[in-house]
Amino acid sequence: VDQEDTDVQYDADGTPWIQICGTGVATDLRVERLEQLLSTVKALYSEKYGRDVDTEYDADGTPWKVTEGTGVPRDCRVERLEQKLAEVKQLYKQKYGEEVDQEDTD
């Protein structure tokens, strides 16, 4: 411990102690309060400028919302499902000796 450190206190055995004081408020409550303040600030911004803080706008002021998909065109997903269905039908035919789609002639 440095001699310059004025916040250091020593107990009867000569052990140095540094006192640290917290706010007395649980971290969750502080986060909750910050979220409330953020919400208030966003509302004030929206009221003053007529725009939502969480919305992106282009140069003309048109709002844009980002929508993210799977990155795989729908047709590719359907094609893959059809391939899997064909595989299952083939396995069924191998095991039972008849087509899944075959109608009963009874």
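Predicted model, so just to flag it, every value in this text is computed and none were measured. (Residues numbered from 1 in each chain as written. Predicted model: local features only at pLDDT ≥ 70, side-chain atom pairs only at ≥ 80, totals over all residues. Heavy atoms only, no water.)

> For a nonpolar patch on the surface, give the residues involved together with the corresponding values.
On the surface, Tyr45, Tyr49 and Val53 cluster together into a nonpolar patch covering about 290 Å² of accessible area. Here tyrosine 45 shows up in helix H1 (residues 27-49). (Patch = residues over 30% accessible without salt bridge, like charges linked within 9 Å, V, L, I, M, F, W, Y side chains within 5 Å. Areas by Shrake-Rupley, 256 points an atom, 1.4 Å probe, with all protein chains shown as cover. Salt bridge = Lys/Arg side-chain N within 4 Å of Asp/Glu carboxyl O. Helix = DSSP H or I, 4+ residues; strand = E, 2+ residues; numbered from the N terminus.)

> Can you tell me about the packing of aromatic side chains, naming the residues and giving the values?
Considering all chains together, one arrives at two aromatic pairs under this definition. Ring centres 4.8 Å apart and planes at 40 degrees place the aromatic pair tyrosine 45 and tyrosine 49 in the tilted group. Of this pair, tyrosine 45 and tyrosine 49 are both found in helix H1, four residues apart, which corresponds to roughly one turn of the helix. Here the aromatic rings of tyrosine 92 and tyrosine 96 are separated by 4.7 Å at their centres, their planes lie at 45 degrees, and the arrangement is tilted. Here tyrosine 92 pairs with tyrosine 96, and both are found in helix H2 (residues 74-96), just four residues apart, close to one helical turn. For tyrosine 92, a relative accessible area of 32% gives the class partly exposed. Here the basic side chain of arginine 51 rests over the ring of tyrosine 57, its NZ or CZ set 4.4 Å away from the ring centre. (Phe/Tyr/Trp six-rings, centres within 6.5 Å; stacked < 30°, edge-to-face > 60°. Buried < 20%, exposed > 50% of the residue type's maximum accessible area, 1.4 Å probe, protein only. Lys NZ or Arg CZ within 6 Å of the ring centre and 35° of its normal.)

> Let's hear about the pattern of salt bridges: which residues, and what values?
Inspection of every chain in the model, using the stated rule, returns three salt bridges. Salt-bridge contacts for aspartate 101 lead to lysine 89; the nearest nitrogen and oxygen are separated by 2.7 Å. Of the two residues, aspartate 101 sits in the segment after H2 while lysine 89 sits in helix H2, which places them twelve residues apart along the sequence. Overall, the relative accessible area of 30% leaves lysine 89 in the partly exposed class. A salt bridge links glutamate 99 to lysine 93; its shortest N-O distance comes to 3.0 Å.

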